[in-house]
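The primary structure of each chain is shown beneath.
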Amino acid sequence: FSRHLAKLLVAATLATGISPASAFLVAITPGARAIYLQVGTGTFTGTYSSGGTPGNNSTINKVSVTVPAAALGTGSRAMTSDSAVSNSPYDNFAFCTAPAQVYIGGFYRIPGSVGNAALTVTTPAKLFNATADTIDFSSISWVSTGNGDATTTIPAGSFTGPSLNLLSVAPNFWFESCMAFSYANAQAVAAGTFSGRATYTLTAP
């Protein structure tokens, strides 16, 4: 197969206002063609390093923040996730700190060694509330790290979409990182819960 998708729901709830040692990239043994991507909650029987097997999981985790009326437009606010995943399915190491960080990782394996896989994320331009007010999706940003990492696997950025290239994954490598999201909160906006979906895709040639 050539594509594996994972989705993340991003939401900002606004009170009434105006009406990583080194990056975690690990060589794995070449084998039957396979890719695996996990963003937040996933399914993995055992661990990869002990011969475990990945499975499908339809969970769509959410990152969110609540901004009180008095704090609207006063600067960046950290978002938290409803994912409880902290341990890596590679070796069960406590790599991330949930709920402040969202685990993202996976692998690209083939019998040979030619051609990289691409990790991308796509988003709409706006987050919407129930009355069709909007916030730019680009007001949501992230930094990434992991316990024990001195450099990042996935560079920091923001959802400037509609599609962003996050990482090029060499054949027969496992990758992972922990993403911490923030809402810029740079302006006062209408009250409500604004939401939108970010879709992460790992595509192999």
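Before reading on, note that the structure itself is shown above.
Below is a summary of the structure that appears in this document. (Residues numbered from 1 in each chain as written. Predicted model: local features only at pLDDT ≥ 70, side-chain atom pairs only at ≥ 80, totals over all residues. Heavy atoms only, no water.)

### Digging into the environment of Gly75
So the rule is basically this: The helix and strand labels rest on DSSP assignments: H or I over at least four residues marks a helix, E over at least two residues marks a strand, and numbering proceeds from the N terminus. Each residue's exposure class comes from its accessible area (1.4 Å probe, protein chains only) as a fraction of the maximum for that residue type: buried when under 20%, exposed when over 50%, partly exposed otherwise. Contact criterion: two residues are considered in contact whenever any of their non-hydrogen atoms come within 4.5 Å of each other.
With respect to the helices, strands and loops of the structure, Gly75 is situated in the loop between strand 6 (61–67) and strand 7 (77–78). A residue is classified by how much of its surface remains accessible, and Gly75, at 23% relative accessible area, is partly exposed. Separated by 109 residues in sequence, Gly75 and Ala184 have C-alpha atoms that sit 6.0 Å apart. Contact partners of Gly75, with chain neighbours within four places excluded, come to Tyr183, Ala184 and Asn185.

### A closer look at the nonpolar core
Nonpolar side chains tend to gather and get buried jointly when the protein is soluble and globular. Put simply, the rule reads: What we call a nonpolar core is a set of buried Ala, Val, Leu, Ile, Met, Phe, Trp, Tyr and Cys residues that are connected through their side-chain atoms within 4.5 Å.
Within the largest apolar cluster, 37 residues are counted, with the highest numbers of intra-cluster contacts made by Leu119, Phe159, Phe181 and Tyr200. For this core, the elements supplying multiple residues, two or more each, are strand 3 (34–39), strand 6, strand 9 (102–109), strand 10 (117–122), strand 13 (140–145), strand 15 (163–169), strand 16 (173–183) and strand 17 (192–203). Ala34, Tyr90, Phe107 and Cys178 belong to the second-largest nonpolar core, a separate cluster that totals 15 residues.

### Topic: the side chain of Ser177
Threshold: Contacts described as polar in this section are N or O atom pairs within 3.5 Å, which, within protein, must combine one atom able to donate a hydrogen with one able to accept it, while residues neighboring in sequence count only if both atoms come from side chains.
Considering the arrangement of structural elements, one finds Ser177 in strand 16. Of note is the side chain of Ser177, whose polar atom sits 3.4 Å from the backbone oxygen of Thr145.

### What about the pairing of strand 13?
Convention followed: A strand pair is defined by DSSP finding two or more bridges across the two strands.
Residues Ile140, Trp142 and Ser144 point to one face of strand 13 and are all buried, whereas Ser141, Val143 and Thr145, pointing to the other face, are not buried. As paired strands, strand 13 and strand 16 are joined by six bridges and run antiparallel to one another. Looking at strand 16, one finds that Ser141 is bridged to Ser182. Here strand 13 runs beside strand 14 (residues 157–158); their pairing, made up of two bridges, is antiparallel. Directly across from Ser141, in strand 14, lies its bridge partner Ser158.

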